[in-house]
Amino acid sequence: MDPRITLLTLGVSDLDESIQFYRDGLGLPMRDREPDSDVAFFTLDGTWLSLFPRDLLAEDATINDDGETGFSGITIAHNVSERVAVDAILDAAVAAGGRLVKPAQDASWGGYSGYFADLDGHLWEIAYPRWTDE
């Protein structure tokens with residue numbers, strides 16, 4: 001796994017209000033967004049910030065957001081340039097003591113991804129394709 005975080009995704013309760021906060025209030029540069037999209041991306045130096053409805057983020061990570069799971073409403077993404085790397089990194093994380101949360105599979109957004117939890121339960125999404133501004 002390369003020493004890089006591609007994307008931090010915050011699960012938010014109101015997407016439109018959160019967009020206004022980050023874009024208008026804090027002045028973060030927002031990437032173009034499709035009308036009625038459930039996600040908003042902001043370009044930061046070296047990474048992106050993503051806002052996504054909390055319930056949909058929990059569903060994407062296959063966690064029931066019932067208050068019992070400890071879901072914090074944030075996921076960390078590490079995007080890779082080869083599909084096979086998704087499975088390899090998930091396997092390495094589990095071998096190192098992490099917990100597989102969602103096996104790698106074709107994603108609703110057109111890519112391929114899976115989730116693992118680190119030793120403290122923080123969720124990492126390993127995803128293909130690699131997103132970059134380079």
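This is a predicted model, so every value here is computed, not measured. (Residues numbered from 1 in each chain as written. Predicted model: local features only at pLDDT ≥ 70, side-chain atom pairs only at ≥ 80, totals over all residues. Heavy atoms only, no water.)

A. Layout of the pattern of salt bridges. Under the definition given, this model contains four salt bridges. Salt-bridge contacts for Arg4 lead to Asp2; the nearest nitrogen and oxygen are separated by 3.1 Å. Between Arg83 and Asp106 there is a salt bridge, with the nearest N and O atoms lying 3.0 Å from each other. Placement of the pair is Arg83 in helix 3 (residues 83–95) and Asp106 in strand 5 (residues 99–106), with a sequence separation of 23 residues. What makes Asp106 exposed here is its relative accessible area of 54%. (Salt bridge = Lys/Arg side-chain N within 4 Å of Asp/Glu carboxyl O. Helix = DSSP H or I, 4+ residues; strand = E, 2+ residues; numbered from the N terminus. Buried < 20%, exposed > 50% of the residue type's maximum accessible area, 1.4 Å probe, protein only.)

B. Here's a closer look at the packing of aromatic side chains. All told, the structure shown has four aromatic pairs when counted by the stated rule. On the basis of an interplanar angle of 90 degrees and a centroid distance of 5.0 Å, the ring pair of Phe21 and Tyr22 is categorised as edge-to-face. Among the residues examined, Phe21 registers a relative accessible area of 47% and is labelled partly exposed. Measuring from centroid to centroid gives 6.2 Å for Phe116 and Trp124, while their planes differ by 0 degrees, and the two rings are stacked. Each member of the pair Phe116 and Trp124 is classed as buried. Joined through ring pairs, the aromatic side chains of Phe21, Tyr22 and Phe42 make up one cluster. Across the ring face of Tyr112, the terminal group of Arg83 is positioned such that the distance to the ring centre comes to 3.7 Å. (Phe/Tyr/Trp six-rings, centres within 6.5 Å; stacked < 30°, edge-to-face > 60°. Lys NZ or Arg CZ within 6 Å of the ring centre and 35° of its normal.)

C. Representation of unusual backbone geometry. The linkage connecting Tyr128 with the following residue, Pro129, adopts the cis geometry, with an omega of 10 degrees. For Pro129, the location among the structural elements is in the segment after strand 7 (123–128). Here the phi dihedral of Asp36 falls at roughly 65 degrees; this positive angle occurs in a residue that is not glycine. Mapped onto the secondary structure, Asp36 falls in the loop between helix 1 (15–25) and strand 2 (40–44). Overall, Asp36 belongs to the exposed group, its relative accessible area being 77%.

Interpretation note: all reported values are geometric properties and have no functional meaning in isolation.
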